[in-house]
Amino acid sequence: MPRRSDPLDVDLDDLTSVTRRILSSCNDRPEALCFALRADGGWRSHTRGDLRAAIERYAALFRASLPSRSLVLFIKNLDAELLAAFLGAIEAGHVPGQLSPPSPKIAPAEYTRRVQHVLAATRAGAIFVDHCPPGLDVVPAPECERLFVRAGQPPFPEDATALVQFSSGSTGLQKGVLLSHRAILAHSRSYARALALGRDDTFVSWLPLYHDMGLMACYLLPLTCGLPFVQMSPFEWLAAPEVLFDAIEKFRGTITFLPNFAYHVLARKAKQRDLSSMRLFVNCSEPVSDRAHAVFGGAFSIDDARLSVSYAMAENTFAVSQRRPDHTYHPRSFGQKSVPSCGHVVAGTEICVVDADAEGIGELCIRGDYLFDRFLDGSRPLTEDGFYRTGDLGAVTDDGEVFVTGRKKDLVIINGKNIYPQDIEAICSEVRGVYPGRTVALGVENPATGSEDLVVIVERDGSASDATMRVEIITRVNGDFGIVPKKIVVVPHMTLVKTSSGKICRTRNRELLDPT
């Protein structure tokens, strides 16, 4: 286990602005490494002084180019320009948000549909892009070839909002979540303590900044805490997963955040590297699987203490719960289902369970210092007590340990038995020939039985025949759940629809693959 360095003294109480905090940190040792960015097959380091100068330059640009208090959407691939311009927009008093750029993971028609929905819903005053999407009524700003202004858009209200963060859209189209400066800074302070961050910690990430795990945990958290981070494109990681380990070895990284499927991908495709500097691999964004940890830990000799878990969501800035680095966690059984622990609730957040069944599983509800101010459409769907109903199912122990079992809307019920599709998908991702993380399990109504049938859709990676995959899927699913899928559909890679954050969008896949 790597030695923990001196703890951080994260005092954010006297600061009211995210960028004021970051700029203040940049003034301290301006020659120190702020971030390293991978580009053109190599790494380029940027100092704190470099970032401060770039933020101030873009703040001046945005002040000169845009009406007061504009909503600015960033639709851009990762580079140093994006990292600085996003903060420059905040410093200029505007409200930025990020959308995913065009991706080979998403069909062009599907991508266009998403962007049009967000633009119509947000009425953004400007977009900052690599290439301007066609068909938009925009005017290029003469001061910057990347900035396009949309005429006639009303100013954003004068309030404490720092930025808009878009939810993943796993059950539909994305919603804009408005987060205040106060919530982001308070979250950074508490989450730094939950992770036991030290002065020698270095974050390493391939996660996109248009997802809360990338934006909050791997970008704004290190910046507000004065810690360096190493960033690479998600597309580069997908093409060569071992680039993450290369970065860890080169920069002596200590913390990284990964969705559950990435553990399987790395175990299959990454080569051995020196990972001795790593303190925490934090599993987040998808339902956590102990199998993923076991496969990954076994492949790279990573002990359980370094395999951490967080339960997080955009609506709570990021973390709701986190495994404590100095605490041993064990799964709990709910009926026949073994559920990994998501750690303890982060200080400043409250959590409760409503409509719990006999085993204590119900809908998780949260409130606290980091909860979103409102959605971009003005709605704030909270209970009378100020709790937000997450739509996630789970249980919470008396001392605040969180166990998440699945999504309320995704639950499949077969002959009275509750099946969480994420569990089926995790098993299928382990089958040889199936592309990890690209599987969908759906419940399809069967009028003849009055129940649902299980349908499984998987993408092939070419390493096994379709028939072999089907046999193994049936064997594994029946062995673990006592259920035989009614139908198994094998499709080419990149067929299934995912959200911008990489989550399976079951609603959309059901629509596309079963139009009726």
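Here, the structure is the one placed above.
Notes on the structure follow. (Residues numbered from 1 in each chain as written. Predicted model: local features only at pLDDT ≥ 70, side-chain atom pairs only at ≥ 80, totals over all residues. Heavy atoms only, no water.)

A word on the sheet that holds strand β23 (residues 402-407)
Stage number 1. Taken in spatial order, the four strands make up an open sheet running β19-β20-β22-β23, and their pairing is antiparallel. Two strands close off the open sheet at either side, each with one partner strand: β19 (349-354) and β23. This sheet shows a mean twist of 50° between the axes of neighbouring strands, independent of strand direction.
Stage number 2. By the bridge criterion, six bridges tie β19 to strand β20 (residues 362-368) in an arrangement that is antiparallel. The residue bridging Glu 350 from the neighbouring strand is Arg 367, located in β20. (Pairing = 2+ DSSP bridges. Helix = DSSP H or I, 4+ residues; strand = E, 2+ residues; numbered from the N terminus. Axes fitted to C-alpha atoms, helices over the stretch in contact; angles between N-to-C directions.)

Some remarks on the nonpolar core
Stage number 1. With 112 residues, the main nonpolar core has Phe 62 and Phe 257 as its most contacted residues.
Stage number 2. Top element by residues in this core is helix α6 (residues 212-225). It accounts for 10 residues.
Stage number 3. Once you skip the residues sitting within four places of it in the chain, Phe 257 turns out to touch Tyr 191, Leu 195, Phe 203, Val 204, Leu 207, Met 213, Ala 217, Cys 218, Val 282 and Phe 318. (Core = buried A, V, L, I, M, F, W, Y, C linked by side-chain atoms within 4.5 Å. Buried < 20%, exposed > 50% of the residue type's maximum accessible area, 1.4 Å probe, protein only. Contact = heavy atoms within 4.5 Å.)

Examining the side chain of Arg 323
Stage number 1. Structurally, Arg 323 can be placed in the loop between β15 (319-322) and β16 (332-334).
Stage number 2. Here Arg 323 occupies a buried position and makes no salt bridge, while the nearest side chain of opposite charge, Asp 290, is found at 4.5 Å.
Stage number 3. There is a polar contact of 2.9 Å between the side chain of Arg 323 and the backbone oxygen of Ser 341. (Lys, Arg positive; Asp, Glu negative; His and termini not counted. Salt bridge = Lys/Arg side-chain N within 4 Å of Asp/Glu carboxyl O. Polar contact = N/O pair within 3.5 Å; in protein donor to acceptor, adjacent residues only side chain to side chain.)

Some details on the environment of Pro 155
Stage number 1. Here Pro 155 lies in the loop between β7 (147-149) and β8 (161-166).
Stage number 2. For Pro 155, a relative accessible area of 58% corresponds to the exposed category.
Stage number 3. Each C-alpha atom of the pair Pro 155 and Phe 375 lies 16 Å from the other, and the pair is 220 residues apart in sequence.
Stage number 4. Setting aside chain neighbours within four positions, we find Pro 155 in contact with Ser 68 and Arg 69.

Interpretation note: all reported values are geometric properties and have no functional meaning in isolation.
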